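For reference, the chains in residue letters:
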Protein chains: 4
Amino acid sequence: MTARGPDDAGQAGRGGQETGRRLRADARRNRARILAAAEEVFAEKGEGASTEEVAARAGVAIGTVFRHFPTKRDLLAAIMKELRARLVDEAAALAAGADPATAFFDFFAFMVERAARVRTVLGLLAAEGMGVRTDEQIRGALENVVGELLQGAQRAGAVRPDVRLDQVMAILTATCQGAMHGAWDDDLRRRTLMIVFDGLRPRP
Amino acid sequence: MTARGPDDAGQAGRGGQETGRRLRADARRNRARILAAAEEVFAEKGEGASTEEVAARAGVAIGTVFRHFPTKRDLLAAIMKELRARLVDEAAALAAGADPATAFFDFFAFMVERAARVRTVLGLLAAEGMGVRTDEQIRGALENVVGELLQGAQRAGAVRPDVRLDQVMAILTATCQGAMHGAWDDDLRRRTLMIVFDGLRPRP
Amino acid sequence: MTARGPDDAGQAGRGGQETGRRLRADARRNRARILAAAEEVFAEKGEGASTEEVAARAGVAIGTVFRHFPTKRDLLAAIMKELRARLVDEAAALAAGADPATAFFDFFAFMVERAARVRTVLGLLAAEGMGVRTDEQIRGALENVVGELLQGAQRAGAVRPDVRLDQVMAILTATCQGAMHGAWDDDLRRRTLMIVFDGLRPRP
Amino acid sequence: MTARGPDDAGQAGRGGQETGRRLRADARRNRARILAAAEEVFAEKGEGASTEEVAARAGVAIGTVFRHFPTKRDLLAAIMKELRARLVDEAAALAAGADPATAFFDFFAFMVERAARVRTVLGLLAAEGMGVRTDEQIRGALENVVGELLQGAQRAGAVRPDVRLDQVMAILTATCQGAMHGAWDDDLRRRTLMIVFDGLRPRP
DNA sequence: AATGAATGAGTATTCATTCAT
DNA sequence: AATGAATGAATACTCATTCAT
């Protein structure tokens, strides 16, 4: 049977090999296609979607999926890892050389807008979304970026000095989830963020 | 006879609890136990939990669950209906006779605190949580209560006049989901709400 | 569990009490309604139809059905018993005082036409239809009537003298089943019977 | 990939047996074993028999049955398709090169004798047996063969010229069903067919 | 490495039957 | 006698995972 232990996916670097591993060209290509397909499928149907469907959408056989990701949980974890990494990169780019006073809010808005489209971001931010405990390294990376942006904004006087990182992460997470599940339109999202941002800004 | 529809012998009565279909005493008792068990089970393990476990926890046979809720989806829907109704009731109680300036914020905090414990509240507020589309009536009822509280608070000058109900519902929903998935502790919840509330208050 | 022995319905007079039993008026009425409903339901959906549906259509509770017919098999058996009895009666009526040369063929045609409408006649004639072994008494009664009609027709020279009763029963059964399953229209039925009848008539 | 349609890797080839979907050798072997087992099981216990028993008798796991036939109904349909195809083949063989005057009757008798053993033939001929609507192509194929045999026999003067194909199919069907359900012995079958055949022959 | 067939535990749902009201 | 709720075995079907090709 299938070991049902709760934490058996945690061994970082086991589920889905590191992208750097020397893989045959087609193997690397397949890995990417599977990941992309999985992101789509799980986004559409939720984590309950079948691995077979992922394989089908990726155009590979089911066995290939399991060769790359020995467990469904591993697949899920890999998606998040990738997603989060992508976001961190984009965030870093936003942070570099921008006006600190706006960079923070821009990134915040960017994340929320993103969440509205990428359903899977759910678990991404949540401590325990989708039954997967995203590995702490990446989670930490995101917090780092946001932390930097936050400090910059605070130094620039654009965010209240008494606000701490955990609060920001909490509100960011919450807003992303709301945007995702609630199907907010652009206008509602803008007006909602306005309130949140006002809460973060210093009292005049 | 054996009406096969979901026998929603609902405690529709605002304050009472007996208006529903005339069911035999034991039947009503079982229905309640099943609902309670289901709330627990789904809260713990998510919507993927098995109906059989619900039956076990409720101390009835599997057939009894299906007699009351012909479909798993029906069971899920019933949970939400009940949950939402309960919240609406409690909200109404809060609203009655309290200082409008604080009632709104009290209710908001109350909901979020609640969500932190009851995992199922997720779908409750989301447009489409758990694959169940909660019926519009109850959804509307919640909006009504919140709407009244909001107006009261705005008239009392405790909330910015330009804030609209959809924004409030959006932030409320988001914060509930964040609290639920994020496992915030009491302190983090308090500090997070502080920011949100500040965003809602009039600029000085 | 449910005794799965093949023959446990045979104890004549057990499944469904004899019509003569002193029953409360409403009890007798219920018995009749159930029987009628069952005939309809099983005719429409086959023997796989649920007992609950029979109860529903009869307007009684499920318990009442089982009080009258302790087993589904008993219910099925009762239907056939009744059906067969009815047919025997009608056959006898046909036979009485009619021209023996035509009575036989008339009855044959009558049965087949009947079968085309009453789906349940299936098992009625078959040795083992619907998993129920119709009790021999009634089965015998039918054979008796047909036998008499056959003899009359043979004496009148309308049927070949070398034809025996078992052959007639076999063809009658087969034709009824064909008519039932095949959904023959009136014309096809007539033309088909024409062939069968010609096979039964003396060679000129 | 995992085409979820009924993979009717049929031995469609008239005489051969390999034209179907290219399946791995073991897959084709399993498909055949399942089909054989199903024919047996359903023949013995009727269509109510469990799929699990089919799997057991075929010596495969339950999942394998459903991989080949996604639905019980598909399995039933496949059996009939195969059965009918087999009969059509054998009928064609009988028809080829035989004396038309006897070929027709030989085939008729052959079918009925067959039906007496293979319970599943029921639905095979009936318009709607077992809840499965056999596909029209095969149904048509049978009619074609019988039609040819009929014409040959009529030209040879062995069958009345006014008999039409629909009548013949009707009687053939009926007799098969009678033989199947009625458990006729060899003698009764012979004598019954004698009558039917006489009805089909020209009046002297 | 890839394929895709096989496995088999798991799950929702149905239904004959029993039994408390 | 009637009611209808409860029972629980049975059953079709799904899906993660393994393994022979």
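All values reported here derive from a predicted model rather than from experimental measurement.

1. Some words on the overall build of chain A
And then number 1: Helix and strand counts for chain A come out as nine helices and zero strands.
And then number 2: In chain A, the succession of α and β elements from N to C terminus is α-α-α-α-α-α-α-α-α.
And then number 3: Sorting the 204 residues of chain A into buried and exposed places 47% on the buried side.
And then number 4: Taking the contacts inside chain A whose residues are at least 6 apart along the sequence as the reference set, 69% of them involve residues at least 24 apart.
And then number 5: Put simply, chain A shows about 9800 Å² of open surface, and 50% of that area lies on carbon and sulfur atoms.

2. Focus: the packing of helix α8 (residues 165-182) of chain C against helix α9 (residues 186-200) of chain D
And then number 1: In contact at an axis separation of 9 Å, α8 of chain C and α9 of chain D are set at 70 degrees when each is read in the N-to-C sense. Considering the angle they form, α8 of chain C stands roughly perpendicular to α9 of chain D. Residues Asp166, Gln167, Ala170 and Ile171 of chain C of α8 of chain C touch α9 of chain D, and the partners they reach there are Leu188, Arg191, Thr192, Met194, Ile195 and Val196 of chain D.
And then number 2: In the contact of α8 of chain C with α9 of chain D, the residues fall into six nonpolar, two polar and two charged.

3. Re the relation of the copies chain B and chain A
And then number 1: When chain B is fitted to chain A, the best match, at an RMSD of 0.3 Å, comes from turning it 179 degrees and sliding it 0.0 Å along the axis. The two molecules are tied by a two-fold rotation axis, judged by turn and shift. Proximity to the rotation axis, assessed at the C-alpha, singles out Gly199 of chain B in chain B; its C-alpha lies 1.7 Å from the axis.
And then number 2: When the interface residues of chain B are mapped onto chain A, 100% of them again lie at the interface, so the same face is used by both copies.

4. Overview of empty space enclosed by the protein
And then number 1: For the structure on display, the rule yields eight cavities of 30 Å³ or more.
And then number 2: One number sums up the size of the largest cavity: a volume of about 70 Å³.
And then number 3: Lining the largest cavity are 13 residues, with Ile171, Ala174 and Thr175 of chain C together with Ile171 and Thr175 of chain D positioned closest to its centre.
And then number 4: Looking at the lining of the largest cavity, the elements with two or more residues in it are α8 and α9 (186-200) of chain C together with α8 (165-182) and α9 of chain D.
And then number 5: Sorting elements by how many residues they give to the lining of the largest cavity places α8 of chain C first, with four residues.
And then number 6: Along the lines of polarity and charge, the residues of the lining of the largest cavity split into nine nonpolar, four polar and no charged.

5. So, the nonpolar core
And then number 1: Counting residues in each nonpolar core, the largest one holds 71 residues, and the members touching the most others are Phe104, Phe108 and Leu200 of chain C together with Phe104, Phe108 and Leu200 of chain D.
And then number 2: Ranked by the residues each element gives to this core, the list is headed by helix α5 (residues 100-117) of chain D, at nine residues.
And then number 3: Not counting chain neighbours up to four residues away, the residues in contact with Phe104 of chain D comprise Leu149, Leu150, Ala153, Val159, Val168 and Leu200 of chain D.
And then number 4: Within the second largest apolar cluster, 70 residues are counted, among which are Ala158 and Val159 of chain A together with Val168 and Leu200 of chain B.

6. Structural notes on the pattern of salt bridges
And then number 1: All told, the structure shown has 52 salt bridges over all chains when counted by the stated rule.
And then number 2: Between Asp198 of chain B and Arg160 of chain A there is a salt bridge, with the nearest N and O atoms lying 2.4 Å from each other. With Asp198 of chain B in helix α9 (residues 186-200) and Arg160 of chain A in the loop between α7 (136-155) and α8 (165-182), this pair bridges two chains.
And then number 3: Given a relative accessible area of 11%, Asp198 of chain B falls into the buried group.
And then number 4: The exposure class assigned to Arg160 of chain A is buried, which follows from its relative accessible area of 9%.
And then number 5: The residue Glu82 of chain B makes a salt bridge to Arg86 of chain B at a minimum N-O spacing of 2.8 Å. Placement of both Glu82 of chain B and Arg86 of chain B in helix α4 (residues 72-95) is noted, with a separation of four residues, approximately one turn of the helix.

7. Some remarks on the packing of aromatic side chains
And then number 1: Throughout the structure, instances matching the rule amount to 20 aromatic pairs over all chains.
And then number 2: Ring geometry for Phe104 of chain B versus Phe105 of chain B: centroids 5.1 Å apart, planes at 80 degrees, classification edge-to-face.
And then number 3: Judged by its relative accessible area of 7%, Phe105 of chain B falls in the buried class.
And then number 4: Sitting above the plane of the Phe105 of chain C ring, Arg201 of chain C keeps its charged end 4.7 Å from the centroid.

8. Regarding the environment of Phe105 of chain D
Residues and elements named next belong to chain D.
And then number 1: By the element assignment, Phe105 lies in helix α5.
And then number 2: Sequence-wise, Phe105 and Phe197 are 92 residues apart; in three dimensions their C-alpha atoms are separated by 7.5 Å.
And then number 3: The contact partners of Phe105, leaving out residues within four places of it in the chain, are Ala158, Val159, Phe197, Leu200 and Arg201.

9. A word on the interface of chain B and chain A
And then number 1: Taken together, the contact pairs 32 residues of chain B with 32 residues of chain A.
And then number 2: Of all residues in chain B, the largest losses of buried area upon contact with chain A belong to His181, Ile195 and Arg203 of chain B, amounting jointly to 22% of the total for that side.
And then number 3: Our count for the contact surface shared by chain B and chain A stands at four salt bridges.
And then number 4: Summed over the shared surface of chain B and chain A, the number is 10 residue pairs in polar contact (both at pLDDT 80 or more).
And then number 5: Those elements that provide at least two residues to the side of chain B that touches chain A are α8 (165-182) and α9 of chain B.

10. So, the protein's contact with DNA strand E
And then number 1: Near DNA strand E there are 39 residues, and of these Thr64 of chain A, Phe66 of chain C together with Asn30, Thr64 and Arg67 of chain D occur at the shortest range.
And then number 2: Within the side chain of Lys72 of chain C, a nitrogen or oxygen atom sits 2.8 Å from a phosphate oxygen of DNA strand E.
And then number 3: Looking at the surface near DNA strand E, the elements that each hand over two or more residues are α1 (25-45) and α3 (62-68) of chain A, α3 (62-68) of chain B, α3 (62-68) of chain C together with α1 (25-45) and α3 (62-68) of chain D.

11. Thoughts on the protein's contact with DNA strand F
And then number 1: Looking at DNA strand F, there are 39 residues lining it, with Phe66 of chain A, Asn30, Thr64 and Arg67 of chain B together with Thr64 of chain C nearest.
And then number 2: Taking the atoms of DNA strand F that fall within 4 Å of the protein, sugar and phosphate contribute 70% of them.
And then number 3: At 3.0 Å from a phosphate oxygen of DNA strand F is found a side-chain nitrogen or oxygen belonging to His68 of chain B.
And then number 4: Between DNA strand F and Thr51 of chain D there is a distance of 3.0 Å, counted from a phosphate oxygen to a backbone nitrogen or oxygen.
And then number 5: Of all elements in the fold, only α3 of chain A, α1 (25-45) and α3 of chain B, α1 (25-45) and α3 of chain C together with α3 of chain D reach the threshold of two or more residues within the surface near DNA strand F.
And then number 6: Within the surface near DNA strand F, the residues separate by chemical class into 17 nonpolar, 15 polar and seven charged.

12. Concerning the confidence of the model for chain A
Residue and element names in this part refer to chain A.
And then number 1: Residues with a pLDDT of 70 or more make up 77% of chain A, whose mean pLDDT is 80.
And then number 2: Taking the mean pLDDT of every element in chain A, the minimum, 43, falls on helix α6 (residues 121-125) and the maximum, 97, on α3.
And then number 3: Counting contacts from residues 1-19, a segment whose pLDDT is below 50, to residues more than four positions away or on other chains yields 20 contacts.
And then number 4: Confidence over residues 120-133 falls short of pLDDT 50; this stretch has 50 contacts with residues more than four positions distant or in other chains.

13. Points about helix α9 (residues 186-200) of chain A
Residues and elements named next belong to chain A.
And then number 1: For α9, with 15 residues, the first-to-last C-alpha span of 21 Å sits near the 21 Å given by 1.5 Å per residue.
And then number 2: When you tally the buried positions in α9, you get 11 out of 15 residues, the bulk of the element.
And then number 3: Here α9 has its buried residues at Leu188, Arg189, Arg191, Thr192, Leu193, Ile195, Val196, Phe197, Asp198, Gly199 and Leu200.
And then number 4: The N-capping residue of α9, defined by a side-chain oxygen 3.1 Å from the backbone nitrogen of Asp187, is Asp185.

14. Comments concerning the side chain of Arg160 of chain A
And then number 1: Among the polar contacts listed, one links the side chain of Arg160 of chain A to the backbone oxygen of Gly199 of chain A, at a separation of 3.3 Å.
And then number 2: Non-local contacts of Arg160 of chain A, meaning those with residues more than four positions away in its chain, are made with Gln154, Gly199, Leu200, Arg201 and Pro202 of chain A together with Met194 and Asp198 of chain B.

15. Considering the side chain of Arg191 of chain C
And then number 1: Tracing the backbone through its elements, the reader meets Arg191 of chain C in helix α9.
And then number 2: There is a polar contact of 2.5 Å between the side chain of Arg191 of chain C and the side chain of Asp166 of chain D.
And then number 3: Discounting residues that sit within four places of it in the chain, Arg191 of chain C has contacts with Arg164, Asp166 and Gln167 of chain D.

About the criteria used
- Residues numbered from 1 in each chain as written.
- Chains lettered and ligands numbered in written order.
- Predicted model: local features only at pLDDT ≥ 70, side-chain atom pairs only at ≥ 80, totals over all residues.
- Heavy atoms only, no water.
- Helix = DSSP H or I, 4+ residues; strand = E, 2+ residues; numbered from the N terminus.
- Buried < 20%, exposed > 50% of the residue type's maximum accessible area, 1.4 Å probe, protein only.
- Contact = heavy atoms within 4.5 Å.
- Areas by Shrake-Rupley, 256 points an atom, 1.4 Å probe, with all protein chains shown as cover.
- Axes fitted to C-alpha atoms, helices over the stretch in contact; angles between N-to-C directions.
- Parallel < 35°, antiparallel > 145°, perpendicular 65-115°, else oblique.
- Nonpolar A, V, L, I, M, F, W, Y, C, P; charged D, E, K, R; others polar.
- Least-squares fit on C-alpha atoms with pLDDT ≥ 70 in both.
- 1 Å grid on protein atoms, 1.4 Å probe; cavity = no way out; pocket = protein on both sides within 12 Å on 5 of 7 lines; lining within 4 Å.
- Points joined across faces, edges and corners; volume = space filled by probe spheres on them.
- Core = buried A, V, L, I, M, F, W, Y, C linked by side-chain atoms within 4.5 Å.
- Salt bridge = Lys/Arg side-chain N within 4 Å of Asp/Glu carboxyl O.
- Phe/Tyr/Trp six-rings, centres within 6.5 Å; stacked < 30°, edge-to-face > 60°.
- Lys NZ or Arg CZ within 6 Å of the ring centre and 35° of its normal.
- Buried area = accessible area lost by both parts, 1.4 Å probe.
- Polar contact = N/O pair within 3.5 Å; in protein donor to acceptor, adjacent residues only side chain to side chain.
- Near = heavy atom within 4 Å.
- pLDDT = per-residue confidence, 0-100.
- Expected span 1.5 Å × (residues − 1).

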